[in-house]
Amino acid sequence: MQRHTPLLMLLCPALAIGQSDLAASDAELPTVEVRASPVPSVAPLAGQDYSASRVTPEGLATFGGPAQTNPYRALDLMPSVNLSGTDAYGLSVDQNFMRIRGVSAYSYSNLAVTVNGTPSSVSAGRGGVGNLFDLENLDGLTLWRGPQPANVGFGMGNLAGSLDLRIKAPTEEPGARVRAAIGGDDFHKLFARLDSGTFNGGSRLFLSGSTAEADKWRGPGDQSRDTVNAGFNQTLGEHGNLEVYAAHNRFHRDEYRPLTYAQSQDLGTYRDFDFNAELTGVATNDVNYYAYNTQHFDENNVLARLAWDLSEDIQLRFNPYWLSSEGQRSTGKSNTVTVVDIDQEQYGATAELVAKLATSQTLTLGYWSQRISTMPPPLSQKTYTLDKGGRLVFSKWSILADMGDRAYESPYLQLAGEAGRWHYSLGLRYLSFRIPGITSYDGTGLPDVSHDAALALDPAVNAKLSTQSVTLDEWLPTFTSRWSLTPSLDIKTAYGRTVGNPWMGPLYSVYMSNQKAFQKAGIPLQSLWDALRLETSDAVEAGLEWRQGSLNLSPTLFYSRLRDKQVTAYDPLVGVSYLQSGVEATAYGAELSANWGLDRHWTLLGSLSWNVNQLDDDIRTASQSVLATAGNQVPDAPEWMVKLGAEYRAGHWSVTPLVRYVGSRFGDALNEEKVDAYTTVDLTATYRMGTVAGIQSLEVGLSLLNLFDADYIGTIDVGQDDTRPGSIDYYPGTPRTLALSVSANF
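Everything numeric in this text was worked out from a predicted model, so none of it was measured. (Residues numbered from 1 in each chain as written. Predicted model: local features only at pLDDT ≥ 70, side-chain atom pairs only at ≥ 80, totals over all residues. Heavy atoms only, no water.)

1. Notes on the overall build of the protein
Piece 1. Check the secondary structure of the protein and you find ten helices and 43 strands.
Piece 2. Along the first, second and third principal axes, the C-alpha set of the protein runs to 105 × 55 × 55 Å.
Piece 3. In the protein, which comprises 746 residues, the share counted as buried stands at 53%.
Piece 4. Contacts in the protein between residues at least 24 apart in sequence constitute 67% of all its contacts with a sequence separation of at least 6.
Piece 5. Accessible surface computed for the protein: about 30800 Å², of which carbon and sulfur atoms make up 56%.
Piece 6. Computed over 57 positive and 81 negative side-chain charges, the inter-centroid distance for the protein is 3 Å. (Helix = DSSP H or I, 4+ residues; strand = E, 2+ residues; numbered from the N terminus. Buried < 20%, exposed > 50% of the residue type's maximum accessible area, 1.4 Å probe, protein only. Contact = heavy atoms within 4.5 Å. Areas by Shrake-Rupley, 256 points an atom, 1.4 Å probe, with all protein chains shown as cover. Lys, Arg positive; Asp, Glu negative; His and termini not counted. Charge placed at Lys NZ, Arg CZ, Asp CG, Glu CD.)

Next comes the structure, spelled out in structure tokens:
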């Protein structure tokens, strides 16, 4: 409950005037309390001149979904964010099914995902990735769109934006929380967290665990997730503080079967179409057996944050981190099953010196270093045929290779300050990225053993499929300016360059499949490695921030030029199409973010987006064939999106409806495969009982997703922005789903 200070100050003269009379009588003035409008759970990040939005812990609980495992779901109300998962719960997520301002936002290349500012995204190419921290353990998240400060965006790339998750630190008081949820498709999750409170003069820790599982909503199979999180906080005298967080996550996921474009246009027939539940003995059918289209991973993460005050105005920060991921992915196609074993490791650190130069000026000097061993291309890929009983029979090693670490080195600085009504920031980051060399081996005749065991058999090196390392670099400047025109109106501008990681896996695969043609043309694999480029985007934006009471409006115009995009283009010297850099694209549009506290009960939230993202060039696909892509909207990028939510709080109740409109899109670069617009409505409600039978607080929640059971195509898997008609995978959106939860705090 908040007291309205200005109103109380207005009452002071009246209190003074009548002081003597009141002293002589028993009369008492009534207490005057005015409740302020609730803080919106999704809103522009305070004190930030970039296009950044923050979700509060309350917003995570509301918009993060009933499973509370998928942080991307909580971005749903933000402008220019197009995201639709393949199921309602998101126990694991795909990396490449989100776009921001029309730019693909997969974490392998274009979206920097950090936890407490450190890169903590286990990336496995275009496959699934687990979410290492339960949303119940997060204190909020922030998404930057377009230009970004120099001291954020550490990851495989930040072309589309940067997402930072903040962990809820161990609490000062001891406590415990338990949350149980159930829902449709046999969904269930149990979460528990224990906080020690402060002990030993400044130590605090928490330990949590969760287990979740759900059947697929269409077809056979399921998804499961088991997670352990821990956190430790230690004060170091009067000048320092140490935080350490750790996570272990294990997930299993049976895949959903994609639809063709023709099937996607007949959801009345194909909405429930999926992989086969039984083996048939026919190889071309049994590759679509659900257990042959699955993946599972074990993931681990440790990160730390050390802050030390060198003086009143200077602080040193050191943030090391380590991640690992080990798992397997199998995919059926044609009449064979491909199995990829994946073993990844990622480690690094950021170090910063933050100095307060003046009362209103702060300088951050930092350095980021990272090493990551990961695919693509895969280093262990095997092909299996199927016998008459549908059982897998080892056929051959498709790929057996070894590769060094991807190496990132990046010094940076960020200066922020103000002078009167002018707020400004300047940033510069230098990025050096070493693409590792790859050593390929001849797997002919090798048995069905592990990757390390196969290398121990000393297979011959295939020099024609091997490369040396290549180093790419780029300068990433950034600048913002904000001028307070009036106490309620600011005008702001921003510029920034962001960068995307090039794809190597498809390039390697095409070369491997067409070695003779490349070698006849005198083109070694090394020359393709040498031709790789970092994709860059130079973006500018201008906007307003208008505040009138509890109404906040933030309109923004943006424009960006993207260079060195990778597309699959025809090379007449080879007679083959393969990934090549050099194509340019243009993106521009407008956003409106708004929130309005109508009164102490109602808060309206919403965003409006207009996004245009177009390739500037046509693409040659054969000697006499050109893909007419110039001026076309890139795939899976709706021009129009409207999102509107309302938060109602009264007494023990809170109710939040959310309406989401996504305009029509295209699945292909020619804009031939059109996907209709759709509208969905979600509803969440919570009843808070307060203290019950010794429980500090008890909450009962309800989530109703896709309230009116709309039929629509939610996810379009396009891979690249130059996707041809007939090669795209479409996934139906989640049907109406009901889930209930009970939470207790002790």
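2. Description of the pattern of salt bridges
Piece 1. With the rule as written, the count across this model stands at 39 salt bridges.
Piece 2. Among the salt bridges present, the one from Glu 591 reaches Arg 145, with a minimum N-O distance of 3.3 Å. In this pair, Glu 591 sits in strand 31 (residues 576–597) while Arg 145 sits in strand 10 (residues 138–145), placing the two residues 446 residues apart along the sequence.
Piece 3. Relative accessible area serves as the criterion here: at 4%, Arg 145 is assigned to the buried category.
Piece 4. One network of salt bridges, in which partners are shared, links Asp 49, Arg 482, Asp 490, Lys 492, Glu 545 and Arg 547. (Salt bridge = Lys/Arg side-chain N within 4 Å of Asp/Glu carboxyl O.)

3. Quick word on helix 8 (residues 505–513)
Piece 1. Of all the positions in helix 8, only Gly 505, Leu 507, Tyr 508 and Tyr 511 are classed as buried. Down the axis of helix 8, the buried set is contained in an arc of 165°. They therefore lie on one face. (Arc of directions from axis to C-beta.)

4. Overview of the packing of aromatic side chains
Piece 1. Here the structure, examined in full by the defined rule, presents 23 aromatic pairs.
Piece 2. Pairing Tyr 89 with Phe 187 gives two aromatic rings, centres 4.1 Å apart and planes at 15°, and the pair type is stacked. Here the residue Tyr 89 occupies a position in the loop between strand 3 (81–83) and strand 4 (92–94), and Phe 187 occupies one in strand 13 (residues 187–195), the gap between them amounting to 98 residues. Pair check on accessibility: Tyr 89 and Phe 187 agree, each one buried.
Piece 3. Seen in terms of ring centroids, Tyr 678 and Tyr 712 are 4.2 Å apart; in terms of plane orientation they differ by 20°. Their pairing is stacked. Here the residue Tyr 678 occupies a position in strand 39 (residues 678–692), and Tyr 712 occupies one in the loop between strand 40 (695–705) and strand 41 (713–717), the gap between them amounting to 34 residues. (Phe/Tyr/Trp six-rings, centres within 6.5 Å; stacked < 30°, edge-to-face > 60°.)

5. Some points on the nonpolar core
Piece 1. The biggest cluster of nonpolar side chains holds 88 residues, and the ones touching the most others in it are Tyr 72, Leu 75, Met 98, Leu 141 and Trp 529.
Piece 2. If you tally residues by element for this core, the top one is strand 31, at six residues.
Piece 3. Excluding its chain neighbours within four sequence positions, the residues that come into contact with Tyr 72 are Leu 83, Val 93, Met 98, Leu 111, Val 113, Asn 131 and Leu 163.
Piece 4. In terms of nonpolar packing, the next biggest core, distinct from the first, is built from nine residues, Ala 67, Ala 88, Ala 181 and Leu 705 among them. (Core = buried A, V, L, I, M, F, W, Y, C linked by side-chain atoms within 4.5 Å.)

6. Let's talk about the sheet that holds strand 6 (residues 103–104)
Piece 1. Read from one edge of the open sheet, three strands run 3-5-6, paired in antiparallel fashion. One side of each edge strand has no neighbouring strand; the edge strands of this open sheet are strand 3 and strand 6.
Piece 2. By the bridge criterion, two bridges tie strand 5 (residues 98–100) to strand 6 in an arrangement that is antiparallel. Residue pairing across strands places Ile 100 opposite Val 103, the latter belonging to strand 6. (Pairing = 2+ DSSP bridges.)

7. As for empty space enclosed by the protein
Piece 1. Applying the stated criterion across every chain yields a total of 14 cavities of 30 Å³ or more.
Piece 2. Forming the boundary of the largest cavity are 37 residues, of which Arg 73, Leu 83, Ser 84, Gly 85 and Asp 87 lie nearest the centre.
Piece 3. Elements that contribute at least two residues to the lining of the largest cavity include exactly helix 3 (57–63), strand 4, strand 36 (653–662) and strand 39.
Piece 4. Its residues placed into classes, the lining of the largest cavity shows 13 nonpolar, 17 polar and seven charged. (1 Å grid on protein atoms, 1.4 Å probe; cavity = no way out; pocket = protein on both sides within 12 Å on 5 of 7 lines; lining within 4 Å. Points joined across faces, edges and corners; volume = space filled by probe spheres on them. Nonpolar A, V, L, I, M, F, W, Y, C, P; charged D, E, K, R; others polar.)

8. Notes on the pairing of strand 7 (residues 111–115)
Piece 1. Within strand 7, five of the five residues are buried, leaving the element largely enclosed by the surrounding structure.
Piece 2. Of the two faces of strand 7, the one lined by Leu 111, Val 113 and Val 115 and the one lined by Ala 112 and Thr 114 are each fully buried.
Piece 3. Pairing analysis gives five bridges linking strand 7 to strand 11 (residues 161–167), with the strands arranged parallel. From the neighbouring strand, Val 115 faces strand 11, where its bridge partner is Leu 165.
Piece 4. Bridge count between strand 7 and strand 8 (residues 118–119): two bridges; the pairing is antiparallel. Following the sheet pairing, Val 115 is matched in strand 8 by Thr 118.

9. Here we look at the confidence of the model for the protein
Piece 1. Averaged over every residue, the pLDDT of the protein is 90; residues scoring 70 or more account for 93%.
Piece 2. Of all the helices and strands in the protein, helix 1 (residues 5–17) carries the lowest mean pLDDT, 32, while strand 13 carries the highest, 98.
Piece 3. Per-residue pLDDT stays below 50 along residues 1–34; that stretch engages in 17 contacts with residues further than four places along the chain or on separate chains. (pLDDT = per-residue confidence, 0-100.)

10. Regarding the pairing of strand 30 (residues 551–571)
Piece 1. Relative to strand 30, strand 29 (residues 535–548) is paired through eleven bridges, and the arrangement is antiparallel. Looking across to strand 30, one finds that Ala 539 is bridged to Ser 560.
Piece 2. Looking at chain direction, strand 30 and strand 31 are connected through 18 bridges and run antiparallel. In the strand pairing of strand 31, Pro 555 is matched with Leu 592.

11. Observations concerning the sheet that holds strand 8
Piece 1. Pairing in this open sheet of six strands is mixed, and the strands run 1-2-10-11-7-8 from one edge to the other. Edge positions in the sheet fall to strand 1 (42–44) and strand 8, since each has one partner strand and no second.

12. Quick notes on unusual backbone geometry
Piece 1. The backbone of Asp 186 shows a phi angle near 55°, a positive value even though the residue is not glycine.
Piece 2. Tracing the backbone shows Asp 186 in the loop between strand 12 (175–183) and strand 13.
Piece 3. The phi angle at Asp 709 is positive, at roughly 55°, despite the residue not being glycine.
Piece 4. By the element assignment, Asp 709 lies in the loop between strand 40 and strand 41.
Piece 5. In this structure Asp 709 comes out as partly exposed when scored by relative accessible area, which is 27%.

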